[in-house]
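# Summary of the model geometry
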Amino acid sequence: MSQMQKSFYDELYRREKDHWWFACRRRLASDALRRYRVKTPGRILDMGCGTGAMLDELCDLGTAFGLDISATALSYCAASGHTRLALGVGENLPCRANTFDGIVSLDVIEHIEEDGRVLQNLFRICHEGALVIITVPATPWLWTTRDDRLGHKRRYTRPLLLEVARGAGFEVVKCSYYCVFFFPLVAAVVSLNRLLGRKPDVRDDVPSVNPLLNVILSVVLRAEQWLMRWVNYPFGVSLFCVLRKPVAPANRTSSADRKSTRLNSSH
């Protein structure tokens with residue numbers, strides 16, 4: 001692992017639990033699992049778990065498992081008490097088919113060249129009816145040197161993400177842009193830098209934030225996420241997607257028959 005990668009995980013571990021961006025993103029994923037999930041409790045995988053803050057929250061929803069490409073990241077998870085951990089890559093997940101009742105993957109697949117193969121793997125390892133929660137950076141026009149530094153392969157549009165998800169076999173429960181309220185400011189900064197021919201030297205991958213500003217940004221993003229329960233935003237800095245593995249018609253019929261049998265036997 002390069003020194004830059006180690007530095008990133010060090011910063012992430014120190015800051016992600018309280019940092020407005022990461023805290024709000026975790027809450028968005030947790031709320032979606034509670035809102036849309038059919039089976040509870042269950043086995044939930046955090047694919048690309050990083051240093052483990054999302055795993056902490058998933059433990060309240062079921063049995064949490066973490067997978068990451070980085071042994072350094074997993075060492076931080078282990079230091080926080082997590083034991084169900086595995087080293088692996090998204091294109092070839094070391095998991096058996098039909099294992100998980102839910103999967104979370106936050107800002108991961110944009111780092112992987114074969115994102116369609118990753119989604120196919122997620123489809124394979126989750127049960128019928130299971131939810132898969134994904135976030136990715138959005139709007140290719142917003143590409144900056146930070147995307148290069150973080151090793152992004154792409155920024156997504158909503159149609160592109162839906163194409164990849166449906167191509168893997170998933171049903172789309174919800175797909176919306178988010179970080180909408182900050183979009184005008186981000187777009188203005190990117191535009192100004194391009195106009196001036198400036199390429200900002202981004203030294204901190206997880207920048208520190210003034211505590212008061214951290215609270216303000218958290219409140220704004222949580223308000224946006226609350227509204228997102230009823231609307232899909234047409235633009236934004238990121239994309240949020242809730243997918244479901246379809247239940248096979250034969251299993252739907254079998255489930256309905258069992259329910260009918262239980263109802264009849266109760267009379």
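As the structure is a computational prediction, the values presented were derived from the model and not from experiment. (Residues numbered from 1 in each chain as written. Predicted model: local features only at pLDDT ≥ 70, side-chain atom pairs only at ≥ 80, totals over all residues. Heavy atoms only, no water.)

From N to C terminus, the protein includes 10 helices and 7 strands. Taken over 267 residues, the protein has a buried fraction of 47%. Across the protein, every contact between residues at least 6 apart in sequence was considered, and the portion connecting residues at least 24 apart equals 76%. For the protein, the exposed surface amounts to about 13,500 Å²; the carbon and sulfur share of it is 56%. (Helix = DSSP H or I, 4+ residues; strand = E, 2+ residues; numbered from the N terminus. Buried < 20%, exposed > 50% of the residue type's maximum accessible area, 1.4 Å probe, protein only. Contact = heavy atoms within 4.5 Å. Areas by Shrake-Rupley, 256 points an atom, 1.4 Å probe, with all protein chains shown as cover.)

A separate point is the side chain of Ser218. Among the structural elements, Ser218 can be located in helix α9 (residues 211-227). Discounting residues that sit within four places of it in the chain, Ser218 has contacts with Trp20 and Cys24.

Turning our eyes to something else, we now look at the sheet that holds strand β3 (residues 85-87). With respect to topology, 7 strands assemble into an open sheet ordered β3-β2-β1-β4-β5-β7-β6, the strand pairing being mixed. With partners counted over all chains shown, the strands left at the sheet margins are β3 and β6 (171-178), one partner each. Strand-to-strand twist in this sheet, taken as the mean axis angle between neighbours without regard to direction, amounts to 15°. Where strand β1 (residues 43-47) lies against strand β2 (residues 63-68), 5 bridges are found, and the strand directions are parallel. Looking at β2, one finds that Ile44 is bridged to Ala64. Helix α4 (residues 71-79) rests against β2 and β3 of the sheet, and its axis sits at about 170° to β3. (Pairing = 2+ DSSP bridges. Axes fitted to C-alpha atoms, helices over the stretch in contact; angles between N-to-C directions.)

Mapped onto the secondary structure, Asp107 falls in the loop between β4 (100-106) and α5 (115-125). Within the structure, Asp107 has its side chain in polar contact with the side chain of Arg25 (distance 2.8 Å). Setting aside residues no more than four positions away along its own chain, Asp107 makes contact with Trp21, Arg25, Thr135, Val136 and Pro137. (Polar contact = N/O pair within 3.5 Å; in protein donor to acceptor, adjacent residues only side chain to side chain.)

A few words on the environment of Leu58. Summarising the element assignment, Leu58 is placed in helix α3 (residues 53-58). Here the alpha-carbon distance between Leu58 and Gly102, two residues 44 residues apart in the chain, equals 10.0 Å. Those residues within four positions of Leu58 in sequence are excluded, and the remaining contacts are Leu33, Ile44, Asp46, Ala64 and Val104.

Let us look at unusual backbone geometry. Even without glycine at this site, Asn98 takes up a positive phi of about 55°. Accessibility expressed as a relative area gives 40% for Asn98, which makes it partly exposed. Unlike most non-glycine residues, Thr139 shows phi in positive territory, near 70°. Tracing the sequence through the fold places Thr139 in the loop between β5 (126-137) and α6 (145-150).

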